[in-house]
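# Working through the structure, step by step
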Amino acid sequence: MTAPLLELRGIRKEFNLARGFFASKRILTALDGIDLAVGQGETLALVGESGCGKSTLGRIVAGLLPATVGTILFDGDQPGRGKARARQIQIVMQDPFGALNPKMSVGELIAEPALLHGLATRRTAPARVAELLRLVGLPEGVAQRYPHALSGGQRQRVAIARALATDPKLIVADEAVSALDVSVQAQIANLLKEIQARTGVSLLFISHGLSLVHHISDRVAVMYLGRIVEEGPAADLFARPRHPYTRALISATPEPVPGAAPDRLALTGEVPSPLALPTGCRFRTRCPHATKLCAEVDPPLTGEGPVRVACHLADSLPTYHVQKPRPAARLQSAIDLYRAAAAAQTAA
Ligand SMILES: Nc1ncnc2c1ncn2[C@@H]1O[C@H](COP(=O)(O)OP(=O)(O)OP(=O)(O)O)[C@@H](O)[C@H]1O
Ligand SMILES: [Mg+2]
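None of these values were measured; they are calculated from a predicted model.

## Brief notes about the nonpolar core
The tendency in soluble globular proteins is for nonpolar side chains to be buried side by side. Grouped together as the largest cluster of nonpolar side chains are 89 residues, with contacts concentrated most on L204 and V222. The element that contributes the greatest number of residues to this core is helix α6 (residues 152-164), accounting for six residues.

As structure tokens, this is what we get:
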């Protein structure tokens, strides 16, 4: 990993679900002891089933939600939840329609954060807006339009331009492309990578789509019920997943992941309630390999190499014979289409 930009140490988040006078305390632990770092200019993907705590972690990183316990180090020191971090960490969410005020024009929407943080004046704002629109591949004329007059992909580009307006060091993209159709997903993912190459911004990329994660990320962290169960370089994690949960996730992906080990490990049963966590390893109730030890001792996230894994059996599970990568048909063709379109545009 490159030098860390963001470090999370022992992050725990509890939600108190009790409502009303007679309610007794009911604590839901959404995150439990998260240690994670994002390097400078790096893309870290956060994957895992619905409800495992990805958005909660993203919102804590973006300063939208306080952690119950834990330390967040950003850019070398411990920042307050002040203006500096608010400017340097931006979040892009799944639904840009909800995030963009429909009464503001695109130009106003993009200028607003720059004005707010003193990075532009009324006089310099239009030039800044034009520059940001160029960066996200939108024509300058879009500045006069309103969010409802844009396509989903264009709206997401506006949301990205708005996030970039404050010159952030880190962008949290929480399912930022999930609502878009697959070819537009690839376009936006490629756009994020291009912007990263140009600006050096780091990305925390939260996603369900493993094909996309494989395409875009340098490292991947796999979450299960508020914990990280495996974390490491994307290439290692996809070629040699070590945690049974990572293996199950990869084998359950509808689109084959290029370079991923072929595997058939189906997940059975439901995710346990975060209000009643299993003893020992929290994945053991769905793990086909679970032993007595797994029910008794919660495995820590450890590893000597670049990959860390939280599984008692990680070293004793059958290994893979990595076969020739299968083509990620749909996504790959979408990426090819995009590349061809971009090349044609440059040639014209
Ligand atoms: N404000 C809240 N109050 C109470 N519980 C919450 C709150 N926000 C999240 N939770 C709970 O915390 C857990 C983690 O939720 P979170 O939204 O982080 O999951 P997620 O991994 O982003 O899921 P998805 O993939 O569906 O977006 C869930 O059990 C959820 O019900
Ligand atoms: Mg979420």
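## Observations regarding the site of ligand 1
As a matter of local geometry, ligand 1 sits amid F15, L17, L28, A30, S50, G51, C52, G53, K54, S55, T56 and P274. Only β2 (27-39) and α1 (54-61) provide two or more residues apiece to the shell around ligand 1. Looking at which element gives the most residues to the shell around ligand 1, the answer is α1, with three residues. Of the residues assigned to the shell around ligand 1, the class counts are six nonpolar, five polar and one charged.

## A word on the sheet that holds strand β8 (residues 219-224)
Two modes of strand pairing occur in sheets, parallel and antiparallel, and in both the strands are linked by backbone hydrogen bonds. Read from one edge of the open sheet, seven strands run β5-β6-β7-β3-β8-β9-β10, paired in mixed fashion. Edge positions in the open sheet fall to β5 (89-92) and β10 (308-309), since each of these has one partner strand only. Judged from the four bridges that link them, strand β3 (residues 43-47) and strand β7 (residues 202-206) form a sheet pairing that is parallel. Each bridged residue has a counterpart across the sheet, and for L46 the counterpart in β7 is I206. Together, β3, β5, β6 (170-174), β7 and β8 form the strand contacts of α1, whose direction differs from that of β7 by roughly 155°. The strands touched by helix α10 (residues 244-252) are β3, β8 and β9 (227-233); relative to β8, the strand with the most contacts, the crossing angle is about 105°.

## Observations concerning unusual backbone geometry
Positioned with a positive phi, D167 is a non-glycine residue whose angle comes to about 55°. Mapped onto the secondary structure, D167 falls in the loop between α6 and β6. Positive phi values are uncommon outside glycine, yet E175 reaches one of about 50°. Residue placement: E175 occurs in the loop between β6 and α7 (182-199). Judged by the 18 C-beta atoms lying within 10 Å of it, E175 falls in the partly exposed class.

## A few points about the pairing of β5
Within a regular strand, side chains alternate between the sheet's two faces. A two-sided burial pattern is seen for β5, the buried positions comprising I89 and I91 on one face and Q90 and V92 on the other. Across four bridges, the pairing between β5 and β6 is parallel. Looking at β6, one finds that V92 is bridged to A173.

Quick notes on the rules
- Residues numbered from 1 in each chain as written.
- Chains lettered and ligands numbered in written order.
- Predicted model: local features only at pLDDT ≥ 70, side-chain atom pairs only at ≥ 80, totals over all residues.
- Core = buried A, V, L, I, M, F, W, Y, C linked by C-beta atoms within 7 Å.
- Buried ≥ 20, exposed ≤ 12 C-beta atoms within 10 Å, placed from the backbone.
- Helix = DSSP H or I, 4+ residues; strand = E, 2+ residues; numbered from the N terminus.
- Near = placed C-beta within 6 Å.
- Nonpolar A, V, L, I, M, F, W, Y, C, P; charged D, E, K, R; others polar.
- Pairing = 2+ DSSP bridges.
- Contact = placed C-beta atoms within 7 Å.
- Axes fitted to C-alpha atoms, helices over the stretch in contact; angles between N-to-C directions.

So yeah, pure geometry; function would need other evidence.
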